[in-house]
Structures are given as C-alpha cells and as structure tokens.
Amino acid sequence: MIFNGQRLMLTGDAGAVALDRVPTEWKQLLWMQMPHHGSEGNLSQSNIERFCPKFAYVSARGDMSHPSKAIVNGLIKVGAQSYSTHQNPGHLCFYVGAVPARTDYGPAVLLKGTAQPVFDPNWLSGLAARRAF
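Residues numbered from 1 in each chain as written. Predicted model: local features only at pLDDT ≥ 70, side-chain atom pairs only at ≥ 80, totals over all residues. Heavy atoms only, no water.

## Quick look at the overall build of the chain
Okay, step 1: On a plain count of helices and strands, the chain comes out with three helices and seven strands.
Okay, step 2: Overall, the chain shows an N-to-C arrangement of helices and strands of β-β-α-β-α-β-α-β-β-β.
Okay, step 3: The buried share of the chain, reckoned over its 133 residues, is 42%.
Okay, step 4: If you take every contact in the chain between residues at least 6 apart in sequence, the share linking residues at least 24 apart comes to 71%. (Helix = DSSP H or I, 4+ residues; strand = E, 2+ residues; numbered from the N terminus. Buried < 20%, exposed > 50% of the residue type's maximum accessible area, 1.4 Å probe, protein only. Contact = heavy atoms within 4.5 Å.)

## Concerning the environment of Gln87
Okay, step 1: Tracing the chain through its elements places Gln87 in the loop between strand E5 (81-84) and strand E6 (93-96).
Okay, step 2: Overall, the relative accessible area of 34% leaves Gln87 in the partly exposed class.
Okay, step 3: Sequence separation between Gln87 and Ser59 is 28 residues, and the spatial gap between their C-alpha atoms is 9.9 Å.
Okay, step 4: Sequence-distant contacts of Gln87, that is, excluding residues within four places in its chain, are made with Val109 and Leu111.

## Digging into a nonpolar patch on the surface
Okay, step 1: On the surface, Met1, Phe3 and Leu10 cluster together into a nonpolar patch covering about 340 Å² of accessible area.
Okay, step 2: Position of Met1 relative to the elements: it lies in the segment before strand E1 (2-3).
Okay, step 3: Residue classification places Met1 among the exposed residues on the basis of a relative accessible area of 55%. (Patch = residues over 30% accessible without salt bridge, like charges linked within 9 Å, V, L, I, M, F, W, Y side chains within 5 Å. Areas by Shrake-Rupley, 256 points an atom, 1.4 Å probe, with all protein chains shown as cover. Salt bridge = Lys/Arg side-chain N within 4 Å of Asp/Glu carboxyl O.)

## Thoughts on the confidence of the model for the chain
Interpreting fine coordinate detail is not advised for predicted regions of low pLDDT.
Okay, step 1: Overall, the predicted model of the chain reaches an average pLDDT of 81, with 85% of residues at or above 70.
Okay, step 2: Note that residues 119-133 has pLDDT below 50 and, in this model, 36 contacts with residues that lie over four places away or in other chains. (pLDDT = per-residue confidence, 0-100.)

## Section: the sheet that holds strand E3 (residues 31-33)
Okay, step 1: Across the sheet, which stays open at both edges, the five strands sit in the order E1-E2-E3-E4-E5 with mixed pairing between neighbours. What marks the edges here is a single partner per strand, and that holds for E1 and E5.
Okay, step 2: Bridge analysis of E1 against strand E2 (residues 6-9) gives two bridges, and the strand direction is antiparallel. Among the inter-strand pairings, Phe3 is bridged to a residue of E2, identified as Gln6. (Pairing = 2+ DSSP bridges.)

## Observations concerning the pairing of E2
Okay, step 1: Hairpin geometry of E1 and E2 is characterised by an intervening segment of two residues between the two adjacent antiparallel strands and by a positive phi of about 50 degrees at Asn4.
Okay, step 2: Judged from the two bridges that link them, E2 and E3 form a sheet pairing that is parallel. Within E3, the residue paired with Met9 across the bridge is Met32.

Next up, the structure:
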C-alpha cells in the first residue's frame, strides 16, 4: 500500500519467486512484513536489497529458523530496523503520522544480528514515524 507517499508492504506467505514479480517501482520501502515468519526460503537477499525497508516486522516464535538469522542480517545490512513478536510480547504496531500515544504499549526491542548497517543512521530525522508497542 502507499500511505502519505510512503510504501508499506504486507507479504503474507509470499515466496521469493512471487516477490520477484512485484513491480520495480516498489523499492525503498518504509515498512515491510517479513514473509512466512522470516524464513530463508521466502525472502531473497536480492529482494531485501531491492525493497530496502526502513523497518521490517515479523511474527515469529524465535526458534532456530523463524526468523532466519540470515534474513535478519540481510535486513540489518541494508539499514532496516527489524523487530519480531518473539522479542516484543503482545503486539507490534507501526504508526506513521500523528497517532495518539498508548500508555499500555512499551518500547520495541530491536533484533540484533552480526551485520553492520551501510546507511546513515540519522535518516529518521526528517521522517514523522513512530513505533508504539
């Protein structure tokens, strides 16, 4: 979807082959849901580099392959801030624009990986985005 000029992608269980068919203008996403609990077979590194989301969320239990460490590292490498439900009990919510604060939500826990971001970490200074958890 496009909201306020920003692209957000809900992938469901789409595989890498299906994501290869997404139109080429879908790049530099603000937000992306990692497909199929963040498994390796559903998101290729080339798609990670093309979509290059600022934020990536996944619903996962936190076992050996969900979310995949390779996928999380690939997202971190392109500068994505990645979050999983297994690190954030309850709900993960993403807001763009002026949304009232919810006092029953706490701060999100960022997924860690071994990759180093290759972008300017100050990119958020001009973006009116807020995460509430």
